[in-house]
Amino acid sequence: MNIYKRNFLKSIVAISVLAITGIHSNLAYSSSDSPMKLGFLVKQPEEPWFQTEWRFADKAAQDLGGVEIIKIAAPDGEKTLNAIDNLAASGAKGFVICTPDPKLGPAIIAKARSYDLKVFTVDDQFLNAAGEPMTNVPLIMMAATEIGQRQGTELYKEMQKRGWEIKDTAVLAITADELDTARRRTEGSIESLIQNGFPTEKIYKSPTKSNDIPGALDAANSMLVQHPEVKNWLIVGMNDNTVLGGVRATEGQGFKAENVVGIGINGVDAINELSKSKPTGFYGSLMPSPDLHGYQSVEMLYRWIKEGVEPPKYTAIGEAVLLTRDNFREELAKKGL
Ligand code: GLA
């Protein structure tokens with residue numbers, strides 16, 4: 001036998017040994033005294049928002065005892081569906097997910113069902129083939145419209161505090177209407193600005209191509225150049241990164257911090273910005289409760305699997321706190337963040 005054949009045979013033996021030990025460990029995991037494995041898939045693991053959900057998912061697992069969280073980055077459909085295969089292979093019983101695309105809902109559910117895995121959604125609701133929300137899949141999310149309304153109210157208050165005149169001021173609303181929670185937040189914000197008396201015709205909407213800083217920066221730049229007459233800008237967006245992109249665009253076009261007010265949503269994604277030595281146009285961020293999203297989703301999924309307790313189909317987490325440069329350290333500490 002030549003050396004290549006021998007090496008080839010050796011690798012086959014090695015692979016079979018691996019496969020057998022793999023099967024063994026799967027059997028071991030399914031026995032009753034080994035930890036219950038639960039997946040936690042998030043679309044944007046680079047956002048502190050999702051890292052916070054992961055952290056509190058682990059905390060729930062620790063408090064419940066006998067639970068292990070498998071954290072997986074799921075930035076696209078292929079990675080998401082592969083992750084479900086891998087979870088099933090490792091003996092998991094279910095998973096929590098913030099999907100990279102709500103339209104993947106039916107495919108995710110079909111695959112999960114084929115392995116008898118339970119699915120719990122966080123943040124972004126699944127859509128069915130007709131584009132309607134899949135209200136039968138348990139969901140925990142922020143109260144989107146309410147938080148948006150609060151953003152609008154806080155922007156208006158800050159505008160008044162600075163004594164800006166409406167004639168010099170406009171709203172730049174960076175939108176992401178394909179994502180329902182984003183649409184509800186920005187619509188809520190615009191609605192409350194109008195209710196407070198801001199003129200509708202001075203609210204300029206610009207859609208972003210991607211939900212990150214570069215996408216929002218592009219969307220903002222293209223709107224800013226169309227309105228050289230505006231002296232002061234209020235910035236609306238569905239989360240911190242969107243608003244940060246807007247603020248960066250104003251800086252790039254020569255606006256000073258005192259002529260810009262952006263208020264984000266998420267809070268935990270604004271820590272770096274609020275820690276800067278000098279104020280920027282990013283005035284603050286509304287922080288709901290990523291800790292509760294992470295903790296409660298795991299707790300409910302666990303009880304569903306272990307005790308057959310069906311989770312509520314919809315849990316909305318309200319009550320956001322406004323983080324600013326003055327209070328953010330204290331407010332984060334209050335929540336143990
Ligand atoms: C969406 C956004 C995230 C975060 C969550 C919170 O998924 O993309 O940044 O705001 O909602 O629900």
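Residues numbered from 1 in each chain as written. Predicted model: local features only at pLDDT ≥ 70, side-chain atom pairs only at ≥ 80, totals over all residues. Heavy atoms only, no water.

Looking at an unreviewed UniProt entry, one finds the protein named L-arabinose-binding periplasmic protein and attributed to Pasteurella testudinis DSM 23072. We quote the UniProt Sequence similarities (unreviewed entry) comment for the protein here in full: "Belongs to the bacterial solute-binding protein 2 family." Checking UniProt for the protein, the heading Subcellular location (unreviewed entry) contains the comment "Periplasm". (UniProt positions renumbered as here; feature names shortened; annotations may be inferred.)

Moving on: the packing of aromatic side chains. The full count for this structure, using the stated rule, is 1 aromatic pair. With a centroid separation of 6.2 Å and an interplanar angle of 65°, the aromatic rings of Y204 and W233 are classed as edge-to-face. In this pair, Y204 is assigned in strand β7 (residues 203–207) and W233 in strand β8 (residues 232–236), connecting sequence segments 29 residues apart. Each of the two residues, Y204 as well as W233, counts as buried. It is K118 that lies over the ring of W304; its NZ or CZ is 5.4 Å from the centre. (Phe/Tyr/Trp six-rings, centres within 6.5 Å; stacked < 30°, edge-to-face > 60°. Helix = DSSP H or I, 4+ residues; strand = E, 2+ residues; numbered from the N terminus. Buried < 20%, exposed > 50% of the residue type's maximum accessible area, 1.4 Å probe, protein only. Lys NZ or Arg CZ within 6 Å of the ring centre and 35° of its normal.)

With that out of the way, let us pick up the sheet that holds β8. The 6 strands are arranged β7-β6-β8-β9-β10-β12 in an open sheet whose pairing can be described as mixed. Lying at the two open borders of the sheet, with one neighbouring strand each, are β7 and β12 (321–324). Averaged over all adjacent pairs, the angle separating strand axes in this sheet is 20°, with direction ignored. Bridge count between strand β6 (residues 169–175) and β7: 5 bridges; the pairing is parallel. Of the residues in β7, the one forming a bridge with T175 is P207. Along the sheet, helix α8 (residues 240–252) makes contact with β6, β8, β9 (260–265) and β10 (282–287), crossing β9 at roughly 160°. (Pairing = 2+ DSSP bridges. Axes fitted to C-alpha atoms, helices over the stretch in contact; angles between N-to-C directions. Contact = heavy atoms within 4.5 Å.)

Our focus in this paragraph is the UniProt feature "domain: Periplasmic binding protein/LacI sugar binding" (unreviewed entry) in the protein. Feature annotation in UniProt assigns "domain: Periplasmic binding protein/LacI sugar binding" (unreviewed entry) to the following positions: residues 37–329. Helix makes up 42% of residues 37–329 and strand 22%, with an end-to-end C-alpha separation of 34 Å.

Considering only enclosed or pocket space, the largest pocket measures out at about 290 Å³ in volume. In this structure, the largest pocket is lined by 16 residues; those nearest its centre are P100, D101, P102, L179 and N211. When the residues that make up the lining of the largest pocket are grouped by side-chain class, the tally is 5 nonpolar, 5 polar and 6 charged. Each of domain 1 (36–137 + 290–318) and domain 2 (144–287) gives at least three residues to the lining of the largest pocket. (1 Å grid on protein atoms, 1.4 Å probe; cavity = no way out; pocket = protein on both sides within 12 Å on 5 of 7 lines; lining within 4 Å. Points joined across faces, edges and corners; volume = space filled by probe spheres on them. Nonpolar A, V, L, I, M, F, W, Y, C, P; charged D, E, K, R; others polar. Domains from an automatic or database assignment.)

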